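Examining the three-dimensional arrangement
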Amino acid sequence: MNASVRELMTLFDLEQLENNLFRGQSQANGQQSVFGGLVAGQALLAASKTVPTDRSVHSLHAYFLRAGDFTKPIVYDVDRIRDGRSFTTRRVNAIQHGRPIFSLAASYQVEEEGVAHQVPMPEVPGPDGLENDEAARQKLVARLPEQYREAFLQDRPVEFRPVTPRDPISSQPEPPLREVWFKVVDSVDADPMTQRALLAYCSDFGLMGTAMLPHGMNFWQPHVQCASIDHAMWFHGDFRIDEWLLYRSESPFAGGSRGMNFGSIYRQDGTLVASVAQEGLMRLHRSDSPAA
């Protein structure tokens, strides 16, 4: 198995401490804090481990409360709120240094038949022939501040192929729309519960940046402060995280130092498998302020 994928799967091998207590390892991701997608994925997996296997997660709603410490493990405390005939509800607090850094609520349902419809997948080129993000990063790394270069070039367990390549360092305003193919770069032999937790992990990559596009903002600008505030997902169908998925995200609004983002995730055959929503902090500091 690819080394970066092996490390990813180790992160999603939670240690059970008690009936409702789990511990997951952190990881440095080129940021000053734990990557939000990792906490969301681990929290969802912790909740799922307390749910009967005849029902699967259909939605989650979460808040990022504090920056996580990537040098320390994270404890997940699961509250078994309700076990009904059709639905199960769980709440999870992610804890570090005795304080919650993240809170998640998730709902599970037994499989049922019903009416169905979906918005068609947008007509975009398939992933074959598109440039992958590793090649793009090699071209861009020399323009980054030196302290970011090593993390920017490190091997990643998830490959991204943008439909319309963009310069992530550019300050040129662009429409608030992104379409990216992605998948884990090696075979993942995991149950559907873990597949959905891994999708939650992947869903946080690049989503907040969609609202930044019209304003020429990027994560490396010293006067820009960005952080995820909340994250919601709805799971519509099955998929494999090691097969190509299309992530289409758009931002209908930004204001009050916040940006709103919506995403849709499709299988390559056009099946809509998940919807995502996230609001993020997009704070601009004066270039001469201490925060900058």
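Here is what the cut-offs are and how they apply
Residues numbered from 1 in each chain as written. Predicted model: local features only at pLDDT ≥ 70, side-chain atom pairs only at ≥ 80, totals over all residues. Heavy atoms only, no water. Pairing = 2+ DSSP bridges. Helix = DSSP H or I, 4+ residues; strand = E, 2+ residues; numbered from the N terminus. Axes fitted to C-alpha atoms, helices over the stretch in contact; angles between N-to-C directions. 1 Å grid on protein atoms, 1.4 Å probe; cavity = no way out; pocket = protein on both sides within 12 Å on 5 of 7 lines; lining within 4 Å. Points joined across faces, edges and corners; volume = space filled by probe spheres on them. Nonpolar A, V, L, I, M, F, W, Y, C, P; charged D, E, K, R; others polar. Core = buried A, V, L, I, M, F, W, Y, C linked by side-chain atoms within 4.5 Å. Buried < 20%, exposed > 50% of the residue type's maximum accessible area, 1.4 Å probe, protein only. Contact = heavy atoms within 4.5 Å. Phe/Tyr/Trp six-rings, centres within 6.5 Å; stacked < 30°, edge-to-face > 60°. Salt bridge = Lys/Arg side-chain N within 4 Å of Asp/Glu carboxyl O. Expected span 1.5 Å × (residues − 1). Arc of directions from axis to C-beta.

Here the focus is the sheet that holds strand 5 (residues 87–96). Here we have 12 strands laid out as an open sheet, ordered 1-2-4-5-6-3-9-12-11-10-8-7, and antiparallel in their pairing. Of all strands in the sheet, those with a lone pairing partner are strand 1 (15–18) and strand 7 (158–162), marking the two edges. Each neighbouring strand pair of the sheet contributes to a mean axis angle of 25 degrees, computed without reference to strand direction. Of the pairings in the sheet, the one linking strand 1 to strand 2 (residues 21–24) comprises 3 bridges and is antiparallel in character.

Turning our eyes to something else, we now look at the layout of surface pockets. For the second largest pocket, the calculated volume is near 1000 Å³. Lining the second largest pocket we find 30 residues, and of these Ser56, Arg196, Phe235, His236 and Gly237 sit closest to its centre. Elements with a contribution of two residues or more to the lining of the second largest pocket: strand 3 (55–64), strand 6 (99–110) and helix 5 (192–203). Among the elements that make up the lining of the second largest pocket, the one with the highest residue count is strand 3 (4 residues). Classifying every residue of the lining of the second largest pocket gives 11 nonpolar, 11 polar and 8 charged.

Ranked by internal contacts, the top residues of the largest apolar core, which has 56 residues, are Phe102, Phe182, Leu199 and Ile241. A total of 8 residues in this core trace back to one element, the largest contributor, which is helix 2 (residues 36–48). If we skip the residues at most four places from it in the chain, Phe102 touches Val39, Ala40, Ala43, Ala62, Tyr63, Phe64, Leu65, Val92, Asn93 and Ala94. Counting 8 residues, the second-largest nonpolar core is a separate cluster that includes Trp181, Trp244, Tyr266 and Leu272.

Counting across every chain of the model gives 8 aromatic pairs. Taking 4.5 Å as the distance between ring centres and 40 degrees as the angle between the ring planes, the aromatic pair formed by Phe35 and Phe205 counts as tilted. Placement of the pair is Phe35 in the loop between strand 2 and helix 2 and Phe205 in the loop between helix 5 and helix 6 (209–212), with a sequence separation of 170 residues. Residues Phe160 and Phe205 carry aromatic rings whose centres are separated by 5.3 Å and whose planes lie at 55 degrees to one another, so their mutual orientation is tilted. Note that Phe160 is positioned in strand 7 and Phe205 in the loop between helix 5 and helix 6, a separation of 45 residues in sequence. Taking relative accessible area as the criterion, Phe160 reaches 14% and is therefore assigned buried. Taken together, the ring pairs connect Phe12, Phe35, Phe160, Phe182, Tyr201, Phe205 and Tyr247 into an aromatic cluster.

Attention now goes to the pattern of salt bridges. The final tally for this structure, using the stated rule, is 12 salt bridges. Note that Glu250 is salt-bridged to Arg248, the shortest N-O span being 3.5 Å. Assessed through its relative accessible area of 39%, Glu250 is described here as partly exposed.

If you check helix 2, its first and last C-alpha atoms are 18 Å apart, about what 13 residues at 1.5 Å a residue would give, namely 18 Å. Of all 13 residues in helix 2, 13 are buried, a share of seventy percent or more.

We now examine helix 1 (residues 3–11). Of all the positions in helix 1, only Ser4, Val5, Leu8, Met9 and Leu11 are classed as buried. Along the axis of helix 1, the buried residues cluster in a sector spanning 150 degrees; they form a single face. Buried residues in helix 1 make contact with helix 2, strand 8 (177–184) and helix 5.

On to the side chain of Ser48, then. Structurally, Ser48 is set in helix 2. With near-sequence residues (within four places) excluded, Ser48 lies in contact with Tyr108 and Met193.

By themselves, these figures tell us nothing about what the structure is for.
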